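This is what each chain is made of:
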Amino acid sequence: MAPEWENDFLQFAADVGERPTPKHKLFAADDGQPIGPANFIWKRSITEKIDGECPKTAAARRQKIYRRLRLEAYQDVDLKRRYGLTRLQLGDMVAAQNGVCAICGEEERSVIRGKKISLSIDHCHASGSVRALLCADCNLGLGKFRDNPAFLRAAADYLDRYALREPQD
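For clarity, every value in this text was computed on a predicted model and none was experimentally measured. (Residues numbered from 1 in each chain as written. Predicted model: local features only at pLDDT ≥ 70, side-chain atom pairs only at ≥ 80, totals over all residues. Heavy atoms only, no water.)

Focus: the overall build of the protein
Broken down by element type, the protein carries seven helices and six strands. Going from the N terminus to the C terminus, the protein shows its helices and strands as α-α-β-β-α-α-α-β-β-β-β-α-α. Since a compact globule built from 169 residues should have a radius of gyration of about 15 Å, the 26 Å found for the protein marks it as more spread out than a globular shape. Projecting the C-alpha coordinates of the protein onto the three principal axes gives extents of approximately 95 × 40 × 35 Å. Among the 169 residues that make up the protein, the fraction classed as buried is 20%. (Helix = DSSP H or I, 4+ residues; strand = E, 2+ residues; numbered from the N terminus. Rg over C-alpha atoms; globule rule 2.2 N^0.38 Å. Buried < 20%, exposed > 50% of the residue type's maximum accessible area, 1.4 Å probe, protein only.)

Right, here's the structure in full:
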């Protein structure tokens, strides 16, 4: 909060004026700056039900907004629920692998909406145990071979058998 509002409620009340409606709330116009006389705006809550919206749709929309606003907290919950990991443990895995895929040894190349994605957490679908971090291509490859080592060995043998060879004279 701006210093001129911190200890002077009357100044705060004079600056913000009357609330437009009971559903309006005070927000910082620029989130990077402290809320103050030159940086505030009255807005209606983004989570309130829209007229004519069914309760199920309203709840889904609120949940989506809430998750976006609290992304890091939800990432922690999702990591713990899905893989039994904390973000600190995941960071340790990334550091131990030097930020590269455990199979091909390369950095992640896949981009979604202009942003490079992070390495995938590979895990055993039968036991749920985490194995390592893989790039999207290697992770997808394992999935396409149904995590079956025999299929992967057969594929490697196949590639060896049909590899381009130097022409013989």
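Considerations on the state of the cysteines
One pass over the full model with this rule turns up zero disulfides. No disulfide involves Cys 135; its nearest neighbouring cysteine sulfur is the one of Cys 138, lying 3.6 Å away. Given a relative accessible area of 2%, Cys 135 falls into the buried group. Its relative accessible area of 16% is what places Cys 138 among the buried residues. (Disulfide = S-S within 2.5 Å.)

A few points about helix 4 (residues 71-83)
For helix 4, with 13 residues, the first-to-last C-alpha span of 17 Å sits near the 18 Å given by 1.5 Å per residue. Considered for burial, the residues of helix 4 that qualify are Tyr 74, Asp 78, Leu 79 and Tyr 83. An end-on view of helix 4 places all buried positions within 135° of arc, on one side of the element. Looking at the buried positions of helix 4, the neighbouring elements they touch are helix 3 (55-69), helix 5 (87-96), strand 5 (120-123) and strand 6 (130-134). The first or second residue beyond helix 4 is Gly 84, which carries a positive phi of 70°. (Expected span 1.5 Å × (residues − 1). Arc of directions from axis to C-beta. Contact = heavy atoms within 4.5 Å.)

Describing the environment of Arg 68
Along the chain, the position of Arg 68 falls in helix 3. With 10 residues separating them in the primary sequence, Arg 68 and Asp 78 have C-alpha atoms 13 Å apart.

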